[in-house]
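# What the coordinates show
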Amino acid sequence: FAYCELLNPVTIPVGVKTFGTEVFYGCKSLVSVIWNAKECQDFGDPFVAPFYRISSKITSITFGDEVEYIPTALCYGMTNIKEITIPKNVKKVDTEVFQNCSKLEKVIWNAQECEDFSFNNYMIKFPFYNCSAISEIIIGNNVEHIPACCFYGVSSVSSVIFSASVKSVGKYGFYGCTGLNKVNYLGTIDEWVGIEFEAKDSNPVYYSGDMYVDNELLTIAKIESASRINDYVF
């Protein structure tokens, strides 16, 4: 579709497995992408990703519910997208996917069975590396596990909303989220103390200092029915 100068939007269907090079080169009007590819093959590096040449023009990318794998560097350098939703069926987010998305402000994480990210490699292995404008993270309903290193180094985030479905958070899940000032949990205190935080910085409250339960600042923790209080919950 090189030089299809009026093309907008574009929808990538479920069955797409591979892309040739420079597929959307010169598509200067393309600002909106709907990505439904379930298991597209990895691109290898940013320079051969399908939107690399026009990444700065794109203002919106939407992932369909069928998506299970988000390939390397798919959104690399999309400096004008402001919000991303990771859908429920995503099993793996590869490296550099959102690197240098400098205006990304809001992340909605709905992935229910996404694999952990590595904390033994460079930070570029983590999905939101160098996204310096993220201010809000929402953990969606039915998410039971937040992967290790998922929000590693997102120092700009000020607010996290936790759904009551969360049962565990992997190591370094919120490591370095030093800008946090509000964690709002949508369950009960009895549910909160049952969450398994793998380390102290798996719990965003470690950085925020304050915790809210259904938008009410927690000042008294009245635990009534919990059978166990896990490490790092407070």
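These notes cover the structure that comes with them. Here the residue numbers are simple positions, counted from 1 along each chain's written sequence. Local features are withheld for residues below a pLDDT of 70 in this predicted model, meaning they are given only at 70 or higher, and side-chain atom pairs are given and counted only at 80 or more; totals for whole chains, interfaces and linings count all residues. In computing side-chain properties, one takes all heavy atoms of the structure into account and sets aside hydrogens as well as water.

### Examining the overall build of the protein
The numbering of helices and of strands both runs from the N terminus, where a helix is a DSSP run of H or I of at least 4 residues and a strand a run of E of at least 2. Along the protein, the regular secondary structure elements total two helices and 15 strands. Against the compact-globule benchmark of 17 Å for 234 residues, the protein has a radius of gyration of 19 Å, which places it among compact chains. With the principal axes as the frame, the protein shows a C-alpha extent of 65 × 30 × 30 Å. For every residue, the accessible area (1.4 Å probe, protein chains only) is compared with the maximum for its type, and the residue is labelled buried under 20%, exposed over 50%, or partly exposed between those bounds. Burial statistics for the protein: of 234 residues in total, 47% are counted as buried. With C-alpha atoms as the basis for the radius of gyration, the globule rule is written as 2.2 Å multiplied by the number of residues raised to the power 0.38.

### Some words on the side chain of Ser165
Along the chain, Ser165 falls in the loop between β10 (159-162) and β11 (168-169). We call two N or O atoms a polar contact when they sit within 3.5 Å, provided that within protein one can donate a hydrogen and the other can accept it, with sequence-adjacent residues counted only if both atoms are side-chain atoms. A polar contact is formed between the side chain of Ser165 and the backbone nitrogen of Asn142, at a distance of 3.1 Å. Those residues within four positions of Ser165 in sequence are excluded, and the remaining contacts are Gly140, Asn141, Asn142, Val143 and Glu144. Between two residues, a contact is recorded if the distance between any of their heavy atoms is within 4.5 Å.

### Observations regarding the pattern of salt bridges
What counts as a salt bridge is simple: a side-chain nitrogen of Lys or Arg found within 4 Å of a carboxyl oxygen of Asp or Glu. Per the counting criterion, the structure on display carries five salt bridges. A salt bridge links Asp94 to Lys92; the shortest N-O distance between them is 4.0 Å. Judged by its relative accessible area of 31%, Lys92 is partly exposed. The residue Glu224 makes a salt bridge to Lys222 at a minimum N-O spacing of 3.8 Å. We classify Glu224 as exposed; its relative accessible area is 62%.

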